[in-house]
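# Analysis of the macromolecular model
Each chain, written out:
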Amino acid sequence: MFQSIERKHPHFYQYFRIMIVIAASILYAWNLCCFAKAANLFPGGFSGVSLLLQKIGLTFFHVQIPFSLFNIVLNLFPAYIAYRYIGKRFTLYSILVIFLSSIFVDILPQYIFTQDILLICIFGGMLNGLAIALCLNVGTTTGGTDFISIYLSQQKGVDAWNYILTGNVIMLVIAGALFGWNIALYSIIYQFCSTQVIQMLYKRYQKETLFIISDHADEIYKVIKDTTKHDATLFRGVGCYEEKEKKMLYSVINTDARRHLIPLIRAIDPHAFINVVKTEELAGRFHDIPND
């Protein structure tokens, strides 16, 4: 949806992008205040580390250190790496998210919706995932481990998921040892719910394979290339039922592009046979959408 706005109204999209960034920052901070902090939960990434350090300072040293201090300092080096290697506008918008959300976490009042910690984990995790997905869909991020993950995947070709998971496990082990294992285990539920919502709402890194049988293969290939910047391979064969020569296009695209692409293919050939297959793993050259 956001990509279609960018294509049709590029100037308006920049203002729209800022509005989404501000709204997502407020939602992200409000969720941390009213769900995560209220139930002593620890989200994944640098936000969770910041909450853990803040709680350690208050519990063991009786010092109330602002969340913003921890979160902004922890993000300084990853932000520098992102600005240099990932994208300047992407990083600047992300810095805005980090700054706004950090400040709002310190100034927004806490409100206890329920004493049921399981409900807090589920709905808090869902809201957290919604805020992060909003940021990701307009080309920005909440910072921290997202910077590290994108840098390693784009620049080094390394899947950073295992490293990030290891970091979150270490954080939860420390939290469990200091404040009780119930909190650490409930935090896993919170993080799981957040991840599920992000995967459902953010399709950028998900890929699908198209098999298209049509007599208008050349026109369809042009639409695929112009719309998605992805290539295709043409196969020639014989239809078993009609015993006529057929052309089949094979192409791998980003999942988010499918909704826009298939109606265009149908407009060229209403009788085209289209098979969409989820792509689990891909090796080789593939056009990634620029972050800026």
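Up top is the structure these notes are about.
Residues numbered from 1 in each chain as written. Predicted model: local features only at pLDDT ≥ 70, side-chain atom pairs only at ≥ 80, totals over all residues. Heavy atoms only, no water.

## Focus: the overall build of the protein chain
Within the protein chain one finds eleven helices and four strands. Referenced to the eigenvectors of the C-alpha coordinate spread, the extents of the protein chain come out at roughly 80 × 40 × 35 Å. At a minimum sequence separation of 6, the contacts of the protein chain that also span at least 24 residues come to 75%. For the protein chain, the distance from the average position of its 24 positive side-chain charges to the average position of its 20 negative side-chain charges is 6 Å. (Helix = DSSP H or I, 4+ residues; strand = E, 2+ residues; numbered from the N terminus. Contact = heavy atoms within 4.5 Å. Lys, Arg positive; Asp, Glu negative; His and termini not counted. Charge placed at Lys NZ, Arg CZ, Asp CG, Glu CD.)

## Concerning the packing of aromatic side chains
Each pair of aromatic rings is reported with the distance of its centres and the angle of its planes. Following the criterion strictly, the structure yields twelve aromatic pairs and no others. Seen from their ring centres, Phe-60 and Phe-179 are 5.9 Å apart, and the 45° between their planes marks the pair as tilted. Of this pair, Phe-60 sits in helix H3 (residues 45-60) while Phe-179 sits in helix H8 (residues 161-179), and the two are 119 residues apart along the sequence. Residue classification places Phe-60 among the partly exposed positions, given a relative accessible area of 43%. Three or more aromatic residues link up through ring pairs in this structure, and these residues are Trp-30, Phe-35, Tyr-111 and Phe-113. (Phe/Tyr/Trp six-rings, centres within 6.5 Å; stacked < 30°, edge-to-face > 60°. Buried < 20%, exposed > 50% of the residue type's maximum accessible area, 1.4 Å probe, protein only.)

## Notes on helix H10 (residues 217-228)
Helix length check: H10 (twelve residues) gives 16 Å between terminal C-alpha atoms against 16 Å at 1.5 Å per residue, within 8%. When H10 is considered as a whole, its buried residues turn out to be Ala-217, Ile-220, Val-223, Ile-224 and Thr-228. Considered in projection along H10, the buried side chains sweep an arc of 120° and stay on one side of the axis. Projecting away from the buried face of H10 at angles above 90 degrees are the exposed residues Asp-218 and Lys-222. Downstream of H10 by one or two residues, Lys-229 has phi in the positive range, about 65°. (Expected span 1.5 Å × (residues − 1). Arc of directions from axis to C-beta.)

## Description of the packing of helix H2 (residues 10-37) against helix H5 (residues 88-107)
Two elements in contact, H2 and H5, have axes separated by 8 Å at closest approach and are oriented at 35°. Handedness of the H2/H5 crossing: right-handed. Contacts between H2 and H5 involve Gln-14, Arg-17, Ile-18, Val-21, Ile-22, Ser-25, Ile-26, Tyr-28, Ala-29, Leu-32, Cys-33 and Lys-37 on the former and, on the latter, Arg-89, Phe-90, Tyr-93, Leu-96, Val-97, Leu-100, Ser-101, Phe-104 and Val-105. Taken together, the residues that form the contact of H2 with H5 break down as 15 nonpolar, three polar and three charged. (Axes fitted to C-alpha atoms, helices over the stretch in contact; angles between N-to-C directions. Left-handed = near helix turned anticlockwise from the far one by under 90°. Nonpolar A, V, L, I, M, F, W, Y, C, P; charged D, E, K, R; others polar.)

## Details of the pattern of salt bridges
A pair can form between side chains of opposite charge whenever their charged atoms are brought close. Counted by the stated rule, this structure contains four salt bridges. For Asp-226, the salt bridge goes to Lys-222, with nearest N and O atoms at 2.9 Å. Of this pair, Asp-226 and Lys-222 both sit in helix H10, separated by four residues, roughly a single helical turn. Taking the relative accessible area as the measure of exposure, Lys-222 reaches 52% and is therefore exposed. Lys-246 is the salt-bridge partner of Glu-242, the closest N and O atoms lying 3.6 Å from each other. (Salt bridge = Lys/Arg side-chain N within 4 Å of Asp/Glu carboxyl O.)

By themselves, these observations are geometric and do not establish any function.
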